Amino acid sequence: MLIGSKVQHNAAALRTALLGKKMVRFEAPLMDSLLPQVGRTIEEVRNLNKSIEIIWDNGIVLNTRMKMMSSWDVYRDGDTWRKDAARADVLIEVQDWVAVCFNTPEIDVYHDFDPRRHPILGKLGPDLSHVDADIEEAVDRMMEYEERDETVAEVLLDQRVVRGVSNVFRCEILWACEMHPWANIGTLKRAECRELLTLAHEMLQNADTSLDHLAIYGRQGKSCARCGVVAKVNHHGEANRVLYWCAGCQTSHEPLVRPNFTPLYIERDVSMGDSHPAAKQFMSEIISLRDVG
Ligand SMILES: [Zn+2]
């Protein structure tokens, strides 16, 4: 198998096992610096030309370079491993699955580059994960946002406005407020900003990111619990993070012009069965691999 298609196959299997799941164990014997944290949700798996990137909801990226002898194997609980566990370079465990990388020549972990998440200039906004966070200050910062046509989805991740809102919760907050993710920040009234941030503050106090407790995050291809329309997922914004939302009921402040975004190809119709988003994506990739030959 050519290296490119092997990487594609491995990435598709990783998506099936890991996407939208909370990590319960991480091991990488050769690494000692920045590590992905247990309890964080795996948000995306990207296959590049000769490497695979796994991205967590706090923007941590694990890049493993792939050679002919390298592989990411995926096992269900109780499966017999095809390789010696002692030789594993990276192990990621989630509920029901474990993914293991063997023979990678290079592992790298870094923060997805997003200048808004690492502001060099300017004071940071209040941290909403703190019980006594100053909500009114965050409201002020939102109301005074310089780029009036920036989307609310982006502003919620801007640490100069507010801190502590992970990608999972920005999706949940916007859904709960029935707000269109591309709403221009300049169109929001003070009361609406306060509603968003108060809700964010409440959610972050009882943060439970298991998929059963989430209303929209990780639910692409499934019906929205409020309106029944099939939920969408798009890449959006400077950091190109995934954004889950419902076009059926998140209509508040819907902009006339949509900003640039990249639709994920998993939105393509897949005629075959399984409705689980990861399975759907997996199938669509199998189909595209088959098409290539
Ligand atoms: Zn809906």
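Residues numbered from 1 in each chain as written. Predicted model: local features only at pLDDT ≥ 70, side-chain atom pairs only at ≥ 80, totals over all residues. Heavy atoms only, no water.

Draft legend 1. Structural view of the overall build of the chain. Along its length, the chain carries six helices and eleven strands. Counting all 293 residues of the chain, 49% fall into the buried class. Across the chain, contacts joining residues at least 24 apart in sequence account for 65% of those joining residues at least 6 apart. Summed over its atoms, the accessible surface of the chain is roughly 14,000 Å², and 51% of this surface lies on carbon and sulfur atoms. (Helix = DSSP H or I, 4+ residues; strand = E, 2+ residues; numbered from the N terminus. Buried < 20%, exposed > 50% of the residue type's maximum accessible area, 1.4 Å probe, protein only. Contact = heavy atoms within 4.5 Å. Areas by Shrake-Rupley, 256 points an atom, 1.4 Å probe, with all protein chains shown as cover.)

Draft legend 2. Structural detail: the packing of aromatic side chains. Counted according to the given criterion, the structure contains four aromatic pairs. Relative to tryptophan 56, the ring of phenylalanine 26 has its centre 6.4 Å away and its plane inclined at 85°; by these criteria the two rings are edge-to-face. With phenylalanine 26 in strand S1 (residues 25-27) and tryptophan 56 in strand S3 (residues 51-56), the pair connects residues that are 30 residues apart, well separated along the chain. According to the relative accessible area criterion, phenylalanine 26 is buried, its value standing at 14%. Given a relative accessible area of 0%, tryptophan 56 falls into the buried group. (Phe/Tyr/Trp six-rings, centres within 6.5 Å; stacked < 30°, edge-to-face > 60°.)

Draft legend 3. Fine view of the environment of arginine 170. The residue arginine 170 is located in helix H4 (residues 167-176) in this model. Sequence separation between arginine 170 and leucine 156 is 14 residues, and the spatial gap between their C-alpha atoms is 6.5 Å. At 2.8 Å, the side chain of arginine 170 and the backbone oxygen of alanine 153 are in polar contact. (Polar contact = N/O pair within 3.5 Å; in protein donor to acceptor, adjacent residues only side chain to side chain.)

Draft legend 4. The arrangement of the packing of H4 against helix H5 (residues 190-205) in detail. Viewed as axis vectors pointing N to C, H4 and H5 meet at an angle of 130°, and their least axial separation amounts to 10 Å. Taken together, the axis directions place H4 and H5 in an arrangement best described as oblique. H4 and H5 meet at a crossing whose hand is right-handed. Along the contact surface, H4 presents Phe169, Glu172, Ile173, Leu174 and Ala176, while H5 presents Leu196, Leu199, Ala200, Met203 and Leu204. (Axes fitted to C-alpha atoms, helices over the stretch in contact; angles between N-to-C directions. Parallel < 35°, antiparallel > 145°, perpendicular 65-115°, else oblique. Left-handed = near helix turned anticlockwise from the far one by under 90°.)

Draft legend 5. The side chain of aspartate 127, seen in detail. Looking at the element boundaries, aspartate 127 is found in the loop between strand S8 (107-111) and helix H2 (135-143). One polar contact links aspartate 127 to serine 129, side chain to side chain, over a distance of 2.7 Å. For aspartate 127, the residues in contact, after removing those within four places along its chain, are Ala133, Arg163 and Gly164.

Draft legend 6. Quick look at the pairing of strand S6 (residues 88-94). With six of seven residues buried, S6 is to be regarded as a mostly interior element. Bridging between S1 and S6 involves three bridges; their strand directions are antiparallel. Pairing of phenylalanine 26 across the sheet is with isoleucine 92, part of S6. Of the pairings in the sheet, the one linking S6 to strand S7 (residues 97-102) comprises six bridges and is antiparallel in character. Pairing of glutamate 93 across the sheet is with valine 98, part of S7. The antiparallel hairpin formed by S6 and S7 contains two residues in its connecting segment, where aspartate 96 sits at a positive phi of about 75°. (Pairing = 2+ DSSP bridges.)

Taken by themselves, the reported measurements are silent on function.
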